[in-house]
Amino acid sequence: MATLVGDVFFLRLATEALIFGGLALSVDLLLGRVGLLPLGQALFFGLGAYVSALVLKEWHASFWLSLAVSLLASALAGLVGGIIAIRSKGVYFALISFGLAQVISKVVFNTRELGASDGIIGVPGAVVVPGLDSTAPTGFFLVTLAVIFLIYLGLRYLMDTPFGRQLSAIRTNEDRVPFLGFDPWRYKLLAFVGAACIAGVSGALYPMLRGFVSPELMFFQVSGNAVINVIVGGAGTLIGPLYGSALLTGLRSVVGSFTAHHQIIIGLLFVVVVIMFPRGLIGYLTPLLQRRIEARRSRHHQGEQ
Amino acid sequence: MTEALEWLQFVLAPQMINGLSIGVAVVLMALGLTIIFGLLDVINMAHGEFYAIGAYLAVALLGLGLSFWWALALTPVLMAVLGYATERGLIQRVFHSKDRHTLTLLLTFGLAIVLEDVLKIIFGANPLRVETPITGGSELFGLFFPNYRLFVMTAGGLLIAAVWMLVFRTSLGAIVRAAAFDRHMSASLGVPVSRVYAATFAFGVALAGLAGVLLAPIYSVFPTMGRDFVLIAFSVVIIGGMGSIKGAVLSGLLLTQVQSISSLFISPVWNDPLLFGIMVMVLMWRPQGLFGKLGHA
């Protein structure tokens, strides 16, 4: 019985790690691919969560409908937010995205119709297919895994298309892109809307898992944690942010159960990665592992270090 | 008519003067931020935590039996040492990277998380109080004001003037500005550039610590006190224009007035959305801020 409860706990934790992995993917699309540091990506994550919670609670809708409505809402919000934020670059972009999230999160925090500081509680489970709904721990873990994996595959595919190359070009040298006959603004806006959609869809899964949403989902803490996950995992690698999210969600939960001061460990880990591993832990470990595997394969390099 | 006059005298004026005493402290914070950005090109996300450390240093020094005035004099010195060590030990490691903006922002963000938890471990999570060193009040224009708030306004005003003089009217300030403008040229003229950078960072940190000590008797002291305050300071710096001292002073005083006056008409819970809404609108209209120059960032 005890192991069963433990299993459910870890399954739920793994599902949550995947959900925040989706948010990390959206941050990586902007930070790692376009070179824009979003400090307010939790805005779209929280928006998706609130929309999905409302749709589930008011309409008793299915998984698919609430996902679709959240996607639509975050695309619209991403378009409006993008038109405002994309005008600025570098630090100004970081701070304007932060400012936007700050405004909306405080508005939600103060709106009684949205439950104010309590948020929305008692969100019913969502039916994915007849016989499987989001309250089934294993089933919903697999559903979340499928959604996040699809987003990951989609992004990987996108990066190899001309669109993805334009984004890389903008990151490398935005001023030269217009000379090639492309309008960087349009590509940046598309990337911003795409990132908002990814964050929104990930957020839409949250109330299905936890049964509630609160304004904290939009707060800087969540945006900041997403950036930490991306940097620790490795910005620009797409897979790194997923690992980073899994590692840090686990760390927060496990270390958090021993001490109230787990933030200090996460903060130190983050500082060390920023200074010593510019490509993140995964970006650092992958070539290392690859070299080891190759060394083991070829007989000449058997005495590897 | 008399009703309107009474409203001006007994409702609006006190609110504006209270706003001014907070405004002066906000400007001190924002000055540190904008100097660190304008001269070093570093976004210091840990500025709020340095402010909190300043307040806690006051608590600790008072606990050692020193008077508030000693705490006020010693804290900036100790904060400068801490700031110098931070620049030398951490910031310097990513300072010469191509992505300096992003990396320093991220690094100081991590530092903020660590510092906040360190404060919690040392002092506990509960709010502490600092006794007001100046009690009583004075009558001004027929109104009663706490003396300590009047002191904060005067001292803050003098400090702001002193900072401005230091940066723009002394040879020391000229050296710092030269080192910020062209690192290599200054180095070849014999300016110890990396030490100047560290000292500039230390100076900004000392200003944050000073704001912390000055506000400690007005608010209670708690580990996350820097978080909300730095957000205001950041919006002040952004609206004023990153790196602009004039912008930080003007927009700091203006924004805190907007905050305290709007509190009379709408609930104070809408202060933050209002503030950040103004910030976003200013950035949309003038991305470099009111007094900023594009070129940075």
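Because the structure is predicted, anything quoted here is derived from the model rather than measured. (Residues numbered from 1 in each chain as written. Chains lettered and ligands numbered in written order. Predicted model: local features only at pLDDT ≥ 70, side-chain atom pairs only at ≥ 80, totals over all residues. Heavy atoms only, no water.)

Caption draft 1: Focus on the overall build of chain A. Helix and strand counts for chain A come out as 11 helices and two strands. Listing the helices and strands of chain A from first to last along the sequence gives α-α-α-α-β-β-α-α-α-α-α-α-α. Taking 19 Å as the expected radius of gyration for a compact globule of 305 residues, we find that chain A reaches 20 Å, a close match to that expectation. Expressed as lengths along the three principal axes of its C-alpha atoms, the size of chain A is roughly 65 × 55 × 40 Å. Sequence separation of 24 or more characterises 75% of the internal contacts of chain A that already satisfy a separation of 6 or more. Per element, the accessible surface of chain A, about 14,000 Å² overall, is 67% carbon and sulfur. On chain A, the mean spot of the 21 positive side-chain charges and the mean spot of the 14 negative ones are 9 Å from each other. (Helix = DSSP H or I, 4+ residues; strand = E, 2+ residues; numbered from the N terminus. Rg over C-alpha atoms; globule rule 2.2 N^0.38 Å. Contact = heavy atoms within 4.5 Å. Areas by Shrake-Rupley, 256 points an atom, 1.4 Å probe, with all protein chains shown as cover. Lys, Arg positive; Asp, Glu negative; His and termini not counted. Charge placed at Lys NZ, Arg CZ, Asp CG, Glu CD.)

Caption draft 2: Region of the structure containing the pattern of salt bridges. Residue and element names in this part refer to chain A. The full count for this structure, using the stated rule, is three salt bridges over all chains. Close ionic contact of arginine 210 with glutamate 16 constitutes a salt bridge, the shortest N to O distance being 2.4 Å. You can see arginine 210 sitting in helix H7 (residues 184-210) and its partner glutamate 16 sitting in helix H1 (residues 2-34), a full 194 residues away along the chain. According to the relative accessible area criterion, arginine 210 is partly exposed, its value standing at 32%. Using a relative accessible area of 15% as the deciding quantity, one classes glutamate 16 as buried. (Salt bridge = Lys/Arg side-chain N within 4 Å of Asp/Glu carboxyl O. Buried < 20%, exposed > 50% of the residue type's maximum accessible area, 1.4 Å probe, protein only.)

Caption draft 3: Region of the structure containing the side chain of A:Ser52. Looking at where A:Ser52 falls in the secondary structure, it is placed in helix H2 (residues 42-59). We classify A:Ser52 as buried; its relative accessible area is 0%.

Caption draft 4: Representation of helix H8 (residues 193-215) of chain B in the model. Here H8(B) is 23 residues long and its end C-alpha atoms lie 33 Å apart, about the 33 Å a rise of 1.5 Å per residue gives. Within H8(B), 19 of the 23 residues are buried, which leaves the element mostly enclosed by the surrounding structure. (Expected span 1.5 Å × (residues − 1).)

Caption draft 5: Expanded view of the packing of aromatic side chains. Tallied over the entire structure, the rule returns 25 aromatic pairs over all chains. Between A:Phe270 and B:Phe109, the aromatic rings sit 6.0 Å apart at their centres with planes inclined by 80 degrees, giving edge-to-face as the arrangement. Note that A:Phe270 is positioned in helix H10 (residues 262-276) and B:Phe109 in helix H4 (residues 100-123), a pairing that runs across two chains. By relative accessible area, A:Phe270 is classed as buried at 0%. Here B:Phe109 falls in the buried class, since its relative accessible area comes to 11%. Between the aromatic rings of B:Tyr56 and B:Phe123, the centroid separation amounts to 4.4 Å while the plane-to-plane angle is 25 degrees, which identifies the pairing as stacked. You can see B:Tyr56 sitting in helix H2 (residues 47-63) and its partner B:Phe123 sitting in helix H4, a full 67 residues away along the chain. (Phe/Tyr/Trp six-rings, centres within 6.5 Å; stacked < 30°, edge-to-face > 60°.)

Caption draft 6: Fine view of unusual backbone geometry. Of note, A:Leu238 is a non-glycine position whose phi angle comes to about 65 degrees, a positive value. According to the relative accessible area criterion, A:Leu238 is buried, its value standing at 2%. Even without a glycine there, the phi angle at B:Asp41 is positive, about 65 degrees. With respect to the helices and strands, the residue B:Asp41 is situated in the loop between helix H1 (2-40) and H2. The buried category is assigned to B:Asp41, whose relative accessible area is 18%.

Purely geometric stuff here, so don't read any function into it on its own.
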